[in-house]
Amino acid sequence: VQTYEGSRDEKALKKFAEEKLVPMCSPKNIDLCDDEKKKELEKYMAMDVEELKKLIDGQEDDLKKIEEEFKKSVEGLQKLYEGYTKDKEEKMAKLKDKEE
């Protein structure tokens, strides 16, 4: 998939389509795949629907776990940041009080 950033006129769109929208390695165009990709595609194509569903569900679960871990890490960083900010402000306030 490519992002089209060119002009929207017919000539520019046609040129983009002719140059960039070419067949690529896929189950429908397996002849365009290298040997490694062919083996990978054939492996998945040989699976029944239930096997594929289990595989996809497992990967979706893994992605959810990764996202949850990331969110927890970000929350932890946010708490650290807030703690450091509070500490800095308190120290600056004490320093200001000493000056007065």
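Fair warning: this is a prediction, and the values are worked out from it, not measured in the lab.

Quick look at the overall build of the chain
Point 1. When its secondary structure is counted, the chain shows three helices and zero strands.
Point 2. Each helix and strand of the chain, placed in order from N terminus to C terminus, yields the pattern α-α-α.
Point 3. In terms of overall size, the chain is more extended than a compact globule, its C-alpha atoms giving a radius of gyration of 27 Å where 100 residues would be expected to give roughly 13 Å.
Point 4. Its C-alpha atoms give the chain principal-axis dimensions of roughly 80 × 45 × 20 Å.
Point 5. For the chain, the residues scored as buried account for 4% of the 100 residues in total.
Point 6. Counting every atom, the chain has about 9800 Å² of accessible surface; 55% of that belongs to carbon and sulfur.

Some thoughts on helix 3 (residues 49-99)
Point 1. With 51 residues, helix 3 should reach 75 Å at 1.5 Å per residue; the first-to-last C-alpha distance of 74 Å fits that figure.
Point 2. Where helix 3 begins, one side-chain oxygen reaches toward the backbone nitrogen of Glu50, 3.1 Å away; that side chain belongs to Asp48.

A closer look at the state of the cysteines
Point 1. For the coordinates displayed, the defined rule picks out one disulfide.
Point 2. Between Cys25 and Cys33 runs a disulfide, and the two sulfur atoms are separated by 2.0 Å. Here the disulfide of Cys25 and Cys33 is right-handed, its torsion about the S-S bond being about 100 degrees.

Overview of the pattern of salt bridges
Point 1. Enumeration over the complete set of coordinates arrives at three salt bridges.
Point 2. With its nearest N and O atoms 3.5 Å apart, the salt bridge here joins Lys37 to Glu40. One end of the pair, Lys37, and the other, Glu40, are both in helix 2 (residues 35-46), three residues apart, so they sit about a helical turn from each other.
Point 3. In this structure, Lys53 and Asp57 form a salt bridge, with 3.1 Å as the shortest nitrogen-oxygen distance. One end of the pair is Lys53 and the other is Asp57, both in helix 3 and four residues apart, which spans about a single turn.
Point 4. Here Asp57 falls in the partly exposed class, since its relative accessible area comes to 31%.

Let's talk about the confidence of the model for the chain
Point 1. Scored by pLDDT, the chain has a mean of 92; 97% of the residues are at 70 or more.
Point 2. Per-residue pLDDT, averaged within each element of the chain, yields its smallest value for helix 1 (residues 10-20) (86) and its largest for helix 2 (96).

Some thoughts on a nonpolar patch on the surface
Point 1. On the surface, Leu77, Leu80 and Tyr84 cluster together to form a nonpolar patch covering roughly 360 Å² of accessible area.
Point 2. Along the chain, Leu80 turns up in helix 3.

Some remarks on the environment of Lys91
Point 1. Along the polypeptide, Lys91 turns up in helix 3.
Point 2. Residues Lys91 and Val22, spaced 69 residues apart in sequence, show a C-alpha to C-alpha distance of 63 Å.

Rules used throughout
- Throughout, a residue's number is its position along its own chain's written sequence, starting from 1.
- The predicted origin of the model limits local features to residues at a pLDDT of at least 70 and limits the giving and counting of side-chain atom pairs to 80 or more, whereas totals for whole chains, interfaces and linings rest on all residues.
- Water and hydrogen atoms were dropped before computing side-chain values, which therefore reflect all heavy atoms in the structure.
- Numbering of helices and strands starts at the N terminus; helices are DSSP runs of H or I of at least 4 residues and strands are runs of E of at least 2.
- Atoms considered for the radius of gyration are the C-alpha atoms alone. The globule rule reads 2.2 Å times the number of residues to the power 0.38.
- Accessible area is worked out with a 1.4 Å probe on protein chains only. A residue is then buried under 20% of its type maximum, exposed over 50%, and partly exposed in between.
- Where accessible areas are quoted, they stem from the Shrake-Rupley method and a 1.4 Å probe; at the residue level, only the protein chains shown are allowed to cover.
- Given the number of residues in a helix, its expected span is that number minus one, multiplied by 1.5 Å.
- Pairs of N or O atoms within 3.5 Å make up the polar contacts considered here, provided that, within protein, one atom can donate a hydrogen while the other can accept it, and that residues adjacent in sequence are counted only when both atoms are side-chain atoms.
- Any pair of cysteine sulfurs within 2.5 Å is marked as a disulfide.
- Think of a salt bridge as a Lys or Arg side-chain nitrogen and an Asp or Glu carboxyl oxygen that are within 4 Å of each other.
- pLDDT gives the predictor's per-residue confidence on a scale running from 0 to 100.
- For patch building, the residue pool is restricted to those with more than 30% relative accessible area and no salt bridge; the joining distance is 9 Å between like charges and 5 Å between nonpolar side chains (Val, Leu, Ile, Met, Phe, Trp, Tyr).

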